[in-house]
Amino acid sequence: MAGHDDRYIEITTRLRSMRSFCDFLSQGGTVRVALSDGEPFKDVTAVLLERNRREAEALARTRRQLYPDLADEDVMPPLYSRH
């Protein structure tokens, strides 16, 4: 079942990353982009935060559907090593 474990770890890692990014934006982080060279930067933080929250919720639902027997953070081996 190594493929099963690898896919679960991949989904969980992606979900953690999305949630961390949303936390960053929620705590005052900003994202600004220029539509083309020389144009002023536009703040897209709110749009990006909402989009990432929706994607994270959808990914969490998918993970629960694909792996109903696993707890949300029940990952073996651990996602990150401690060295």
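Residues numbered from 1 in each chain as written. Predicted model: local features only at pLDDT ≥ 70, side-chain atom pairs only at ≥ 80, totals over all residues. Heavy atoms only, no water.

Bringing the overall build of the protein chain into the picture now. Each helix and strand in the protein chain was counted, giving 2 helices and 2 strands. For the protein chain, the sequential pattern of α-helices and β-strands runs α-β-β-α. Relative to its full complement of 83 residues, the protein chain shows a buried share of 27%. Residue pairs at least 24 apart in sequence account for 64% of intrachain contacts in the protein chain once pairs closer than 6 positions are excluded. A total accessible area of about 6300 Å² is found for the protein chain, and carbon and sulfur atoms account for 53% of it. (Helix = DSSP H or I, 4+ residues; strand = E, 2+ residues; numbered from the N terminus. Buried < 20%, exposed > 50% of the residue type's maximum accessible area, 1.4 Å probe, protein only. Contact = heavy atoms within 4.5 Å. Areas by Shrake-Rupley, 256 points an atom, 1.4 Å probe, with all protein chains shown as cover.)

Under the definition given, this model contains 2 salt bridges. With its nearest N and O atoms 2.9 Å apart, the salt bridge here joins arginine 7 to glutamate 10. Here the residue arginine 7 and the residue glutamate 10 both occupy positions in helix H1 (residues 2-26), the gap between them amounting to 3 residues, near one helical turn. By relative accessible area, arginine 7 is classed as partly exposed at 39%. Look at glutamate 10 and you get partly exposed, because its relative accessible area is 46%. (Salt bridge = Lys/Arg side-chain N within 4 Å of Asp/Glu carboxyl O.)

Among the nonpolar cores identified, the biggest contains 8 residues, and these are Tyr8, Ile11, Leu15, Met18, Ala56, Leu59, Ala60 and Tyr67. Secondary-structure elements contributing two or more residues to this core are H1 and helix H2 (45-66). When residues of this core are assigned to their parent elements, the largest contribution, 4 residues, is made by H1. With residues up to four places along the chain from it excluded, the contact list for alanine 56 reads Leu15 and Met18. Formed by 6 residues, the second largest nonpolar core is a distinct cluster that contains Cys22, Leu25, Val31 and Leu49. (Core = buried A, V, L, I, M, F, W, Y, C linked by side-chain atoms within 4.5 Å.)

This part is about the packing of aromatic side chains. In this structure the tally under the stated criterion is 2 aromatic pairs. Ring centres of tyrosine 8 and tyrosine 67 lie 5.1 Å apart, and the angle between their planes is 80°; this geometry places the pair in the edge-to-face category. Highlighted residues: tyrosine 8 in helix H1 and tyrosine 67 in the segment after H2, separated in sequence by 59 residues. The exposure class assigned to tyrosine 8 is buried, which follows from its relative accessible area of 3%. (Phe/Tyr/Trp six-rings, centres within 6.5 Å; stacked < 30°, edge-to-face > 60°.)

Okay, the environment of aspartate 5 next. Inspection of the secondary structure assignment puts aspartate 5 in helix H1. Judged by relative accessible area, which is 32%, aspartate 5 ranks as partly exposed. Separated by 62 residues in the primary sequence, aspartate 5 and tyrosine 67 have C-alpha atoms spaced 9.8 Å apart.

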